[in-house]
Amino acid sequence: MTPRHSRITGTGSHLPPRRLSNADMVTLLAGRGIETSDDWIVERTGIRARHFADDGVSASDLALPAARRALEAAGRRAEDVDLIVVATSTPDMVFPSTACLLQAKLGVHGCPAFDVQAVCSGFVYGLAVADAMIRAGSARCALVIGTEVFSRILDFDDRTTCVLFGDGAGAVVLEASATPGILACELHADGRHAGILCTPGTVSGGRVLGDPVLKMDGQAVFRLAVGVLESAARSVLGKAGRTEADLDWLIPHQANIRIMQGTARKLKLPLDKLVATVDEHGNTSAASVPLALDVAVRDGRVRPGDTVMLEGVGGGFTWGAVLLDF
Ligand code: UT7
C-alpha cells in the first residue's frame, strides 16, 4: 500500500475590515475612564492594530472567505472536501458546531464536520487531528480552519486584556499525499492551569450564566508559554529526525512579540526566520497561526519545499507543534 501522508495544498485567510489602531484603543478606553497608550502596547506586546468584526458577523462568517481562498489556492472545489475541522473558542452557537454551519455556507453536505476547542492552540490541534484522519484513510481532502470573534468576549473595562486580542480567520486545505507534508505533530494539555486563561461563564440550559468575558493572568501565561514553545519545538524536530538548522520558518501563536522572539532565540533561529503578524492582527487565538501562514505564503516568504514549524499555546492550558515541509 502506498504510504499515506498529508500535505497542505492551499492556504487562505480573512480579516474583518474594521481596523482599530492602538490610538483607536486609547480613545475607546478613555471613553470608559481607562488609561492606556500606544507606547505601552507596542513595548509590551508588539501589537499596533487589530481587526474587530461588526455586530452580527460570526466566526463562521469569517471562516467562509478564508476557506474559499484556501480551496482556490489548492485548486479544489467545496465538493472535493471530505472533512471540515474548525478550531474556535468563539463559536456561532452553543450548538450546532461552527464547522456544520460553515459546511452549509459552503453549500456542501455529507462530510464529517466538527469543532475543536483548544483556544489558542486550536489550529495546531485541528491540523494534527486532520493529519491523523488522512493517514488513517478516513479522509483525503480536509479543510482545517481557525476562526475567532474574540472581540465578543473581551472586557473593555480590563486594559490588561482588551488591547491584546482581535478577530479573524485562517484556513488550509490538507490533502492525502504519497510524500510528507506533515512530518510530525505533538499536542499537550495541562488542565491544572485552567484558571490562568479562561472565560468562566457556564452554559446552563442554553444560557450563559456567570462571567462571560476573558480573564488572564498574563505573567503566568507568559512564563508557561516561553517554556512549552521551546520544548514542543525541540520534541517535534526530534520526532521527525530534523534539527533547528533545518527550519526555514517558525510560525508560533501570535500573542506577544517578546514570547515569539524569545522562542526563536532559544532555537538559535535568526529573527528573519520568524513570521510575525501580531503587530497588525493582535492575538486572534485559534486563527493566529493559519492567518500568519497565509500572509507568509502570499507574500512569497514561505515557498514550496520550505520546512515550517507551526506552534500553538493558550488556554487549557494547551500547547502543541506541527513540523511540515510546505
Ligand atoms: O493567547 C494565549 C497566550 N497569551 C499570551 O501569551 C499572553 C502572555 N502574557 C503577556 O503577553 C504579557 O504578560 C502581557 C502583555 C499580558 C502583560 O505584559 P507584562 O509585561 O507582563 O505587564 P504586567 O502585567 O506586569 O503589567 C505591568 C504594568 C502594570 O502596572 P503596575 O502594576 O506595574 O503599576 C499594569 O497595570 O502595566 C500595566 N498595564 C497597562 N498599562 C497601560 C497593563 N495593561 C496595560 C495597558 N496599558 N493596556
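In what follows, the structure referred to is the one given above.
Let me sum up the structure you'll find in this document. Keep in mind that this is a model prediction, so the values were computed, not measured. (Residues numbered from 1 in each chain as written. Predicted model: local features only at pLDDT ≥ 70, side-chain atom pairs only at ≥ 80, totals over all residues. Heavy atoms only, no water.)

1. A look at the overall build of the chain
So, point 1. Across its full length, the chain carries 10 helices and 15 strands.
So, point 2. Against the 2.2 N^0.38 benchmark of 20 Å for 326 residues, the chain shows a C-alpha radius of gyration of 19 Å, consistent with a compact globule.
So, point 3. On the principal axes, the C-alpha backbone points of the chain span a range of 65 × 45 × 40 Å.
So, point 4. Counting only residues that meet the buried cut, the chain has 55% of its 326 residues in that class.
So, point 5. Of the contacts formed within the chain by residues at least 6 apart in sequence, a portion of 76% connects residues at least 24 apart.
So, point 6. For the chain, the accessible area works out to roughly 13200 Å², and carbon and sulfur atoms hold 53% of it.
So, point 7. Here the chain holds 32 positive side-chain charges and 37 negative ones, and the gap between their average locations is 3 Å. (Helix = DSSP H or I, 4+ residues; strand = E, 2+ residues; numbered from the N terminus. Rg over C-alpha atoms; globule rule 2.2 N^0.38 Å. Buried < 20%, exposed > 50% of the residue type's maximum accessible area, 1.4 Å probe, protein only. Contact = heavy atoms within 4.5 Å. Areas by Shrake-Rupley, 256 points an atom, 1.4 Å probe, with all protein chains shown as cover. Lys, Arg positive; Asp, Glu negative; His and termini not counted. Charge placed at Lys NZ, Arg CZ, Asp CG, Glu CD.)

2. A few points about the site of the ligand
So, point 1. What surrounds the ligand is a group of 23 residues, the closest being Thr 36, Arg 44, Gln 219, Asn 256 and Asn 283.
So, point 2. In the environment of the ligand, an oxygen atom lies 2.7 Å from a nitrogen or oxygen atom belonging to the side chain of Asn 256.
So, point 3. Per element, the largest residue contribution to the shell around the ligand is 4 residues, and it comes from helix H7 (residues 218-240).
So, point 4. Residues belonging to the shell around the ligand are distributed by class as follows: 11 nonpolar, 9 polar and 3 charged. (Near = heavy atom within 4 Å. Polar contact = N/O pair within 3.5 Å; in protein donor to acceptor, adjacent residues only side chain to side chain. Nonpolar A, V, L, I, M, F, W, Y, C, P; charged D, E, K, R; others polar.)

3. Comments concerning the environment of Trp 40
So, point 1. Structurally, the position occupied by Trp 40 is in helix H2 (residues 38-45).
So, point 2. Trp 40 sits in the partly exposed class, given a relative accessible area of 36%.
So, point 3. As for Trp 40 and Asn 22, which are separated by 18 residues in sequence, their C-alpha atoms are 9.7 Å apart.

4. Regarding the sheet that holds strand E15 (residues 318-325)
The pairing of strands in a sheet comes from backbone hydrogen bonds and takes either a parallel or an antiparallel form.
So, point 1. Read across the sheet, 4 strands follow the order E8-E15-E14-E13 without closing on themselves; strand pairing throughout is mixed. Strand pairing shows two members of the sheet lacking a second neighbour, strand E8 (182-189) and strand E13 (249-252), which therefore form its edges. Between one strand axis and the next, the sheet turns by 10 degrees as a mean value, whatever way the strands run.
So, point 2. In terms of strand pairing, E13 meets strand E14 (residues 307-314) through 4 bridges, oriented parallel. Along E14, the bridge assignment pairs Pro 252 with Glu 311.
So, point 3. Strands in contact with helix H10 (residues 288-298) are E13 and E14; relative to E13, the strand with the most contacts, it is inclined by about 145 degrees. (Pairing = 2+ DSSP bridges. Axes fitted to C-alpha atoms, helices over the stretch in contact; angles between N-to-C directions.)

5. Some thoughts on the sheet that holds strand E4 (residues 83-87)
So, point 1. Here we have 5 strands laid out as an open sheet, ordered E1-E7-E6-E4-E5, and mixed in their pairing. Looking at the sheet topology across the chains shown, the edges are occupied by strand E1 (5-14) and strand E5 (113-116). Going from strand to strand, the sheet's axes swing by 20 degrees on average, the running direction of each strand aside.
So, point 2. The sheet contact formed by strand E6 (residues 141-149) and strand E7 (residues 167-177) spans 9 bridges and is antiparallel.

6. Describing the pattern of salt bridges
Close approach of charged atoms lets side chains of opposite charge pair.
So, point 1. Going through the model one piece at a time under the given rule, you end up with 17 salt bridges.
So, point 2. With its nearest N and O atoms 3.8 Å apart, the salt bridge here joins Lys 266 to Glu 230. Note that Lys 266 is positioned in helix H8 (residues 257-266) and Glu 230 in helix H7, a separation of 36 residues in sequence.
So, point 3. Taking the relative accessible area as the measure of exposure, Lys 266 reaches 33% and is therefore partly exposed.
So, point 4. The partly exposed category is assigned to Glu 230, whose relative accessible area is 21%.
So, point 5. Taking the shortest distance from any N to any O, the salt bridge between Asp 294 and Arg 298 comes out at 2.7 Å. Here Arg 298 and Asp 294 lie together in helix H10, a separation of 4 residues that amounts to about one turn.
So, point 6. Exposure remark for Asp 294: the relative accessible area of 3% places this residue in the buried category.
So, point 7. Look at the salt bridges and you will find they share partners, linking Glu 230, Arg 234, Glu 244 and Lys 266 into a network. (Salt bridge = Lys/Arg side-chain N within 4 Å of Asp/Glu carboxyl O.)

7. Some words on the packing of helix H3 (residues 59-74) against helix H4 (residues 98-106)
So, point 1. Remark: H3 packs on H4, axes separated minimally by 9 Å, with the N-to-C direction vectors making an angle of 55 degrees. Here H3 is positioned oblique relative to H4, judged by the angle of their axes. Note that H3 runs across H4; the crossing there is right-handed. In contact with Ala 59, Ser 60, Asp 61, Ala 63, Leu 64, Ala 67, Arg 68 and Leu 71 of H3, H4 contributes Thr 98, Leu 101, Leu 102, Lys 105 and Leu 106.
So, point 2. Broken down by class, the residue content of the contact of H3 with H4 amounts to 8 nonpolar, 2 polar and 3 charged. (Parallel < 35°, antiparallel > 145°, perpendicular 65-115°, else oblique. Left-handed = near helix turned anticlockwise from the far one by under 90°.)

8. A closer look at H3
So, point 1. With 16 residues, H3 should reach 22 Å at 1.5 Å per residue; the first-to-last C-alpha distance of 22 Å fits that figure.
So, point 2. Trailing H3 by a residue or two, Gly 75 shows a phi angle of about 70 degrees, which is positive. (Expected span 1.5 Å × (residues − 1).)

9. Describing the side chain of Ser 13
So, point 1. Secondary-structure assignment places Ser 13 in strand E1.
So, point 2. The class of Ser 13 is buried, set by a relative accessible area of 12%.
So, point 3. Excluding residues that lie within four positions of it along the chain, Ser 13 makes contacts with Ala 66, Arg 69, Ala 169, Gly 170, Leu 291 and Asp 294.

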